[in-house]
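Letter by letter, the chains look like this.
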Amino acid sequence: MNAINIDYLGEKFNQLQSSNPENIISNIRKEGFNTFNKAGLPGFKNEEWKYTKISTLFNKEYHLSSERNSEIKLADVDAVRLPGFKNADELVFANGKFVPELSTIRSLENQLIVLPLEEAAKGIYKELVEAHLDKSSRFINDGIHALNTSFIYGGVFIYVNKNQVLDRPVYLYHISDARENHTLSQPRSLVFVDKSAKLQLVESYTTIGSMDSFTNEVIEIVVDTNAIVEYYKIQNDVITASQVGTTHIRQIGKSYVHAFTVSLNGGMIRNNTDIIMEAAGNEAHMYGLYLLKGRTHVDNHTLVDNTQPNCFSNEFYKGVIDDYATGVFSGKIFVRPDAQKTNAYQSNKNILLSDTATVNTKPQLEIFADDVKCSHGCTVGQLDEEALYYLRTRGIGKEHAQSMLLQAFASDIVEQIKVEALRNHVEELITERLSVN
Amino acid sequence: MLLSIKNIHASIEGKQILKGINLDIQPGEVHAIMGPNGGGKSTLASVLAGREEYEVTEGSVEFDGKDMLELSPEDRAREGLFLAFQYPVEIPGVSTTNFIKTAVNEKRKYHGQEPIDAVSFLKMMKQKIELVEIDKSLLSRSINEGFSGGEKKRNEIFQMAMLEPKLAILDETDSGLDIDALRIVANGVNKLRTPERGIIVITHYQRLLDYLQPDFVHVLVNGRIVKSGTKELALELEEKGYDFIKDEISLTAAL
């Protein structure tokens, strides 16, 4: 387990438990810490973590802030706001803790409720929190997930009221302060989208300072009948910023989910994107785009768990990998015995731009029902030489032609961003990344 | 002299395809290159366009006073060479209009000119669309994606019109076209004939040449031009097939 300081974490855990005594959350934390102590950090022998050696990040001491106080100021937030923010609800997390004072809720209270998780666990949303917080631990029992659970404090509860189709997206800004210390941030969020409601949720990550930051995030999203959820994750942080992010989406009623992950910069990144189909007739779409350079490592682990009949899911991930960067795609689809008439599709396409770039792609289908349609496919290749030659014979320079082809490769994924301001923003980032001067 | 090919030998993967081609083209001339499959017609087009898989082992090509073999494919295009592909490539995700605009501007940049402004570009597009009778809606789509065979060929001629080359090579532009599509494509090419522009037409068949009326016809067999003549040679080939030339060659060889 390398240099991870168990004594330090144990001390922090005990402090947290004693200052926040017995309630729903402290019991969950306790279970989490037990699991963490037993499991430890996922090692090389854990098949799910084979390519993403997260324990190598723990060869240094991280400062784990257990309080809401931080040095993050409004000016820091101003520097990270995403385009379209004036028409968005903005939630700020500093070192993993939700900071209401820095956040701006523009939606009305009958539409959207945003509360500190502890507060929600006491008031009228107690039952929802009790019923849904930490359901992800049933699916993910590794130590890194348990580490987040051990320290659930300062998280957020987001509730979209019945029939409320929010006309503005909710932006979550995660800011890690790594100016003084290596920082471990562990944001925890529970989102409940009630019947016939619609939510667009966007997450982005920024590290301030030159020390290392490690974000170990868990967000659980519960989608009720006829609700629509769009989820966007934008990873464009510094090379010293690493992350394990779990997005655990449960569709508890017949509903629609559209999840999108774009990874452009960072250190070691692991994204767990889970869709649990708990009701018949669910529909989910998952898109991912990773453009990697330097030594960035991005691992997209997806899970679609079909437990009920007539569900549809489609996954489409694309990557362009340059320099010494590495990409991983692992797509697991379960079709349980009752999940007849499941349609589940999966595709992962990669372009390697250098001899030292790597991608590992692994589809995994486990099917226990007999009347299903499932498919998967993956490709790893170089740029299309014929297309490159064609463009060059028209007078377009080689590098420019390459850039055009890569942008074209990425374009059908980027089109899946339905929040216009965000789509334009990501398009600009990609154009900037891929263009030549 | 627009183009002067001298004793070109070229090979791919160690296999010799061109075995000493000589050809001179003056501005305004249309040259047809005919010949049986595997004779080297498309190889000649690829060598001229700069396809990197082909290795030129001997000979020289001078294009408008420049050593063409020294230039990259893009620089050849910027100097005024255009190749209409036998099999135009489909490129999903790149809009045809943006692609052509980029190509026009890269050429302008090479010649030290400012990028074309939006109004002039649209005007130019409109004019060339009418000239080559291409369906406007194709141009907002990705390059050749889902185009029919005829639409792809028409798109090649449209690109030629937009890029205004000094020398155009049409590599089997007639293949896979029905009579109507052939007529439209041939009319487009005829409208692009100018006293300055040279055109090389590579074809198997007489019917495209009926429309284009070439100044010269060359027969390429086994990596060499074995016979050159005027347009009447094409008619003779149509009538007698390539065998009569092959007979002539073996006769000459025997002598």
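All figures in this text were calculated on a predicted structure; none of them were measured in a lab.

Moving on: the overall build of chain A. For chain A, the count of helices and strands is nine helices and 21 strands. Taking 2.2 N^0.38 as the reference for a compact globule, 437 residues should give roughly 22 Å; the C-alpha atoms of chain A span a radius of gyration of 21 Å, in line with that estimate. When the backbone C-alpha atoms are referred to their principal axes, chain A occupies close to 70 × 55 × 45 Å. A buried classification covers 60% of the 437 residues belonging to chain A.

With that settled, the discussion passes to the sheet that holds strand E2 (residues 15-25) of chain B. Spatial ordering of the open sheet is given by E2-E1-E4-E5 (chain B), a layout of four strands whose pairing is antiparallel. Each edge of the sheet is formed by a strand with only one pairing partner; in this case those strands are E2 and strand E5 (66-67) of chain B.

In this section: the sheet that holds strand E3 (residues 30-34) of chain B. All names here are of chain B. One open sheet holds the six strands; their spatial order is E6-E9-E10-E3-E11-E12, and the pairing between them is mixed. Of all the strands in the sheet, the pair left with one neighbour each is strand E6 (81-84) and strand E12 (224-229). Going from strand to strand, the sheet's axes swing by 20° on average, the running direction of each strand aside. Inspection of the sheet shows E3 paired to strand E11 (residues 216-221) by four bridges, in the parallel sense. Across the sheet, Ile33 pairs through a bridge with His218, a residue of E11.

Let's shift gears to the interface of chain B and chain A. At the interface, 30 residues of chain B touch 17 residues of chain A. Where chain B packs against chain A, one counts four salt bridges. Summed over the shared surface of chain B and chain A, the result is 13 residue pairs in polar contact (both at pLDDT 80 or more). The set of elements that each furnish at least two residues to the side of chain B that touches chain A consists of helix H1 (41-49), helix H2 (73-79), E6, strand E7 (91-95), helix H3 (96-110) and helix H5 (149-163) of chain B.

Right, let's talk about the packing of aromatic side chains for a bit. All names here are of chain A. Here the structure, examined in full by the defined rule, presents 18 aromatic pairs over all chains. For the pair Phe312 and Tyr345, a centre-to-centre distance of 5.9 Å together with 55° between the ring planes defines the contact as tilted. One end of the pair, Phe312, is in strand E17 (residues 312-321); the other, Tyr345, is in strand E19 (residues 343-352), and 33 residues separate them in sequence. Put simply, the rings of Phe13, Phe33, Phe36 and Phe151 pair up and form one aromatic cluster. The residue whose ring lies beneath Arg336 is Phe334, and the NZ or CZ to ring-centre distance is 4.5 Å.

Moving on to unusual backbone geometry. Only a minority of non-glycine residues have a phi that is not negative, and only a minority of peptide bonds are not trans. The backbone of Ser196(A) sits at a positive phi, close to 55°, despite the residue not being glycine. Within the secondary structure, Ser196(A) is located in the loop between strand E8 (188-193) and strand E9 (198-208). At Asn7(B), a position not held by glycine, the phi torsion is positive, near 50°. If you trace the backbone, Asn7(B) turns up in strand E1 (residues 3-12).

Taken together, the side chains of Glu415(A), Glu427(A), Glu428(A) and Glu432(A) present a region of like negative charge at the surface. Tracing the chain through its elements places Glu428(A) in helix H9 (residues 420-434).

Next up on the list: H5(B). All names here are of chain B. The end-to-end C-alpha distance of H5, which contains 15 residues, comes to 21 Å, matching closely the 21 Å that a straight helix rising 1.5 Å per residue would cover. For H5, the buried fraction is high: 13 of the 15 residues fall into the buried class. Immediately beyond the C-terminal end of H5, within one or two residues, lies Glu164, with a positive phi of roughly 45°.

Summarising the model, chain B shows a mean pLDDT of 93, and 98% of its residues fall at 70 or more. Quick note on the complex model: pTM equals 0.90, ipTM equals 0.95.

Residue and element names in this part refer to chain B. At a minimum axis separation of 10 Å, helix H4 (residues 118-132) and H5 run at an interaxial angle of 135°. What the angle tells us is that H4 and H5 run oblique. Once H4 is placed against H5, the crossing between them reads as right-handed. For the pair formed by H4 and H5, the contact residues are Phe121, Met124, Met125, Lys128, Ile129 and Val132 on the first element and Arg154, Ile157, Phe158, Ala161 and Met162 on the second. Across the contact of H4 with H5, the residue classes tally to nine nonpolar, no polar and two charged.

Secondary-structure assignment places Glu109(A) in the loop between strand E3 (97-98) and strand E4 (112-116). When the C-alpha positions of Glu109(A) and Val160(A) are compared, they lie 9.4 Å apart, and in sequence the two are 51 residues distant.

This paragraph deals with the side chain of Ser142(B). Residue and element names in this part refer to chain B. Assignment of secondary structure puts Ser142 in strand E8 (residues 142-143). The exposure class assigned to Ser142 is buried, which follows from its relative accessible area of 16%. Of the polar contacts made by the side chain of Ser142, one reaches the backbone nitrogen of Gly93; its length is 3.0 Å. Sequence-distant contacts of Ser142, that is, excluding residues within four places in its chain, are made with Ile91, Pro92, Gly93, Val94, Ser95, Thr96 and Phe147.

With that settled, the discussion passes to H9(A). Spacing of three or four residues puts side chains on the same side of an α-helix, whose turn is 3.6 residues. Residues and elements named next belong to chain A. The end-to-end C-alpha distance of H9 is 21 Å, a good match for the 21 Å that 15 residues give at a rise of 1.5 Å each. Three or more residues of H9 are buried, namely Leu422, His425, Val426, Leu429, Ile430 and Leu434. Along the axis of H9, the buried positions cluster into a sector of 155°, meaning they face one direction only. Counted as exposed and oriented over 90 degrees from the buried face of H9: Glu420, Glu428 and Glu432. In this fold, the buried residues of H9 make contact with E9, strand E11 (228-236), strand E13 (256-265), strand E15 (283-292) and helix H8 (398-414).

Our next topic: the environment of Ala234(B). Residue and element names in this part refer to chain B. Within the element layout of this structure, Ala234 appears in helix H8 (residues 231-240). Overall, Ala234 belongs to the buried group, its relative accessible area being 1%. Once you skip the residues sitting within four places of it in the chain, Ala234 turns out to touch Met34, Gln206, Leu209 and Val217.

Once that is clear, we can look at the pattern of salt bridges. Residue and element names in this part refer to chain A. Summed over all chains, the structure comprises 31 salt bridges over all chains. The salt bridge partner of Lys195 is Asp224, with a shortest N-O separation of 3.3 Å. Placement of the pair is Lys195 in the loop between E8 and E9 and Asp224 in the loop between strand E10 (213-223) and E11, with a sequence separation of 29 residues. Asp299 is the partner of Arg270 in a salt bridge, and the nearest nitrogen-oxygen pair spans 3.0 Å. You can see Arg270 sitting in strand E14 (residues 268-277) and its partner Asp299 sitting in strand E16 (residues 297-306), a full 29 residues away along the chain. The exposure class assigned to Asp299 is buried, which follows from its relative accessible area of 1%.

Conventions and cut-offs
Residues numbered from 1 in each chain as written. Chains lettered and ligands numbered in written order. Predicted model: local features only at pLDDT ≥ 70, side-chain atom pairs only at ≥ 80, totals over all residues. Heavy atoms only, no water. Helix = DSSP H or I, 4+ residues; strand = E, 2+ residues; numbered from the N terminus. Rg over C-alpha atoms; globule rule 2.2 N^0.38 Å. Buried < 20%, exposed > 50% of the residue type's maximum accessible area, 1.4 Å probe, protein only. Pairing = 2+ DSSP bridges. Axes fitted to C-alpha atoms, helices over the stretch in contact; angles between N-to-C directions. Contact = heavy atoms within 4.5 Å. Salt bridge = Lys/Arg side-chain N within 4 Å of Asp/Glu carboxyl O. Polar contact = N/O pair within 3.5 Å; in protein donor to acceptor, adjacent residues only side chain to side chain. Phe/Tyr/Trp six-rings, centres within 6.5 Å; stacked < 30°, edge-to-face > 60°. Lys NZ or Arg CZ within 6 Å of the ring centre and 35° of its normal. Patch = residues over 30% accessible without salt bridge, like charges linked within 9 Å, V, L, I, M, F, W, Y side chains within 5 Å. Areas by Shrake-Rupley, 256 points an atom, 1.4 Å probe, with all protein chains shown as cover. Lys, Arg positive; Asp, Glu negative; His and termini not counted. Charge placed at Lys NZ, Arg CZ, Asp CG, Glu CD. Expected span 1.5 Å × (residues − 1). pLDDT = per-residue confidence, 0-100. Parallel < 35°, antiparallel > 145°, perpendicular 65-115°, else oblique. Left-handed = near helix turned anticlockwise from the far one by under 90°. Nonpolar A, V, L, I, M, F, W, Y, C, P; charged D, E, K, R; others polar. Arc of directions from axis to C-beta.

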